[in-house]
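This is what each chain is made of:
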Amino acid sequence: MKTILITGGTGFIGSNLCKRLINDENNKIICVDNNYTGSLENIKELLDNPRFTFIEHDIINPLEINEKIDEIYNLACPASPPAYQGEKAVFTTMTCVYGARNMLELARKNNAKILQSSTSEVYGEPLEHPQKESYRGNVNPIGIRACYDEGKRCAESLFFDYNRIYGTKIKVIRIFNTYGPFMDPNDGRVVSNFICQALRGEDLTIYGDGLQTRSFCYVDDLIEVIIKMMASEDDFLGPVNTGNPGEFTIKELAELVKEKINPSLKISYKPLPSDDPTQRRPNISLAKEKLNWEPKIKLSEGLDKTIEYFAQKIKENE
Ligand code: UDP
């Protein structure tokens with residue numbers, strides 16, 4: 001039996017990962033979350049499973065577990081700008097930095113392998129396009145996104161120092177924009193906002209001129225590469241970009257969602273938040289070469305599955 005601890009396990013990516021890993025009868029899952037942006041609703045079907053345990057805990061505080069842990073996936077951190085910024089900014093930095101430190105300590109004591117969910121945000125407003133892992137980024141250290149961007153950068157540095165000092169087995173992935181079922185409809189990110197707005201017959205809100213780009217990865221593709229990364233050779237530490245290189249403007253995304261749900265909907269333009277990156281697209285050659293991975297699900301197909309999920313969710317809540 002392998003004991004796997006997942007922080008952020010009730011969140012969007014975490015809950016998808018719990019559901020995938022529990023399918024293997026040799027896995028025991030310990031899901032840890034403070035439920036700030038996650039929800040037990042996302043993992044309700046797992047709560048009765050004898051191989052699944054949920055612990056309500058904030059990883060800003062140290063965590064003691066009375067059994068041997070084999071692997072840790074550190075996914076805990078609010079990831080949507082409205083959820084991580086503003087009055088939550090200090091909490092976000094603490095989650096990234098203290099959270100990483102606490103989980104690294106747990107890994108060190110257990111001699112466990114630990115995977116860090118880093119982010120494309122480490123590249124900031126990128127001056128290299130598409131972004132390769134060797135690009136060191138262009139982050140505004142005092143801007144409103146810095147709590148997340150610098151927090152995640154510091155966490156990467158802690159991971160590599162634990163590896164150098166204690167020999168901790170680490171894995172670092174840099175996740176680009178991801179979407180799919182079990183996103184929080186109210187978390188304010190662009191895919192969930194557009195789909196929920198369209199389903200409710202509201203205007204789609206584009207921030208700025210909508211010419212900024214993002215590359216959207218469907219969650220099932222991401223889960224596959226996260227698991228592959230954990231299983232990779234011990235000497236492959238990363239960081240490795242995990243995302244879909246298909247690049248779209250936010251306007252194109254809005255048009256696609258409108259077309260699928262209701263072409264007569266209107267778009268309303270809102271101010272662009274400060275430090276909002278102009279473009280973002282991963283170079284995934286490293287993931288292809290080392291992990292034999294590339295995303296399979298095209299944006300249009302992934303949006304169909306996501307629309308189905310949100311339509312059901314909205315119906316349940318009516
Ligand atoms: N965005 C938008 N309308 C929305 C939500 C977001 O135009 O209702 C824009 C946002 O300004 C950014 C892009 O969509 O340029 C992606 O935003 P998201 O919050 O999903 O992710 P991130 O900015 O962290 O990549």
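In the block above lies the structure referred to throughout.
Structure report, in brief. (Residues numbered from 1 in each chain as written. Predicted model: local features only at pLDDT ≥ 70, side-chain atom pairs only at ≥ 80, totals over all residues. Heavy atoms only, no water.)

1. Comments concerning the environment of T213
Topologically, T213 is positioned in strand β9 (residues 213–215). Setting aside residues no more than four positions away along its own chain, T213 makes contact with E247, F248, T249, T278, Q279 and R280. Of note is the side chain of T213, whose polar atom sits 2.6 Å from the side chain of E247. (Helix = DSSP H or I, 4+ residues; strand = E, 2+ residues; numbered from the N terminus. Contact = heavy atoms within 4.5 Å. Polar contact = N/O pair within 3.5 Å; in protein donor to acceptor, adjacent residues only side chain to side chain.)

2. A closer look at the side chain of K19
For K19, the position within the fold is in helix α1 (residues 12–22). Within the structure, the side chain of K19 is placed 2.7 Å from the backbone oxygen of N42, a separation counted as a polar contact.

3. With respect to the packing of helix α5 (residues 190–199) against helix α9 (residues 299–317)
It is at 10 Å that the axes of α5 and α9 come closest, and there the two elements cross at 60 degrees. By the angle between their directions, the pair α5 and α9 is classed as oblique. Like other packed secondary-structure pairs, α5 and α9 cross with a definite hand, here right-handed. Residue-level contacts link V191, S192, I195, C196 and L199 of α5 to L303, T306, I307, F310, A311 and I314 of α9. Residue composition of the contact of α5 with α9, by class: 9 nonpolar, 2 polar and no charged. (Axes fitted to C-alpha atoms, helices over the stretch in contact; angles between N-to-C directions. Parallel < 35°, antiparallel > 145°, perpendicular 65-115°, else oblique. Left-handed = near helix turned anticlockwise from the far one by under 90°. Nonpolar A, V, L, I, M, F, W, Y, C, P; charged D, E, K, R; others polar.)

4. A look at the pattern of salt bridges
Tallied over the full model, the rule gives 18 salt bridges. Put simply, D187 and R189 hold a salt bridge, and the shortest N to O gap is 2.8 Å. Residue D187 is classed as buried on the basis of its relative accessible area of 11%. Assessed through its relative accessible area of 22%, R189 is described here as partly exposed. Connected through salt bridges with shared partners, the residues E121, R145, R214, D276 and R280 form a single ionic network. (Salt bridge = Lys/Arg side-chain N within 4 Å of Asp/Glu carboxyl O. Buried < 20%, exposed > 50% of the residue type's maximum accessible area, 1.4 Å probe, protein only.)

5. Quick word on α5
Counting buried positions along α5 yields 8 of 10 residues, so the element is predominantly enclosed. Regarding α5, the residues found buried are V191, S192, N193, F194, I195, C196, Q197 and A198. Contacts made by the buried residues of α5 are with β7 (178–179), β8 (204–207), α7 (250–261) and α9. Once α5 finishes, G201 follows within two positions and takes phi at roughly 75 degrees, a positive value.

6. Here's the deal with the packing of aromatic side chains
For the structure on display, the rule yields 8 aromatic pairs. Through a chain of ring-to-ring contacts, three or more aromatic side chains come together here, namely Y123, Y135 and F176. A cation over a ring is seen here: K88 above F91, with NZ or CZ 4.9 Å from the ring centre. The positively charged end of R108 is found above the aromatic ring belonging to Y166, 4.7 Å away from the centroid. (Phe/Tyr/Trp six-rings, centres within 6.5 Å; stacked < 30°, edge-to-face > 60°. Lys NZ or Arg CZ within 6 Å of the ring centre and 35° of its normal.)

7. A few points about the site of the ligand
Contacts to the ligand come from 18 residues, most closely from T205, Y207, R214, D276 and R280. One of the side-chain N or O atoms of R145 is found 3.0 Å from an oxygen atom in the ligand. One of the side-chain nitrogen or oxygen atoms of R214 is found 2.7 Å away from an oxygen atom of the ligand. Protein chains bury 96% of the 520 Å² of accessible surface belonging to the ligand in isolation. When contributions to the shell around the ligand are tallied by element, the ones reaching two or more residues are α5 and β8. Per-class residue counts for the shell around the ligand are 7 nonpolar, 5 polar and 6 charged. (Near = heavy atom within 4 Å. Areas by Shrake-Rupley, 256 points an atom, 1.4 Å probe, with all protein chains shown as cover.)

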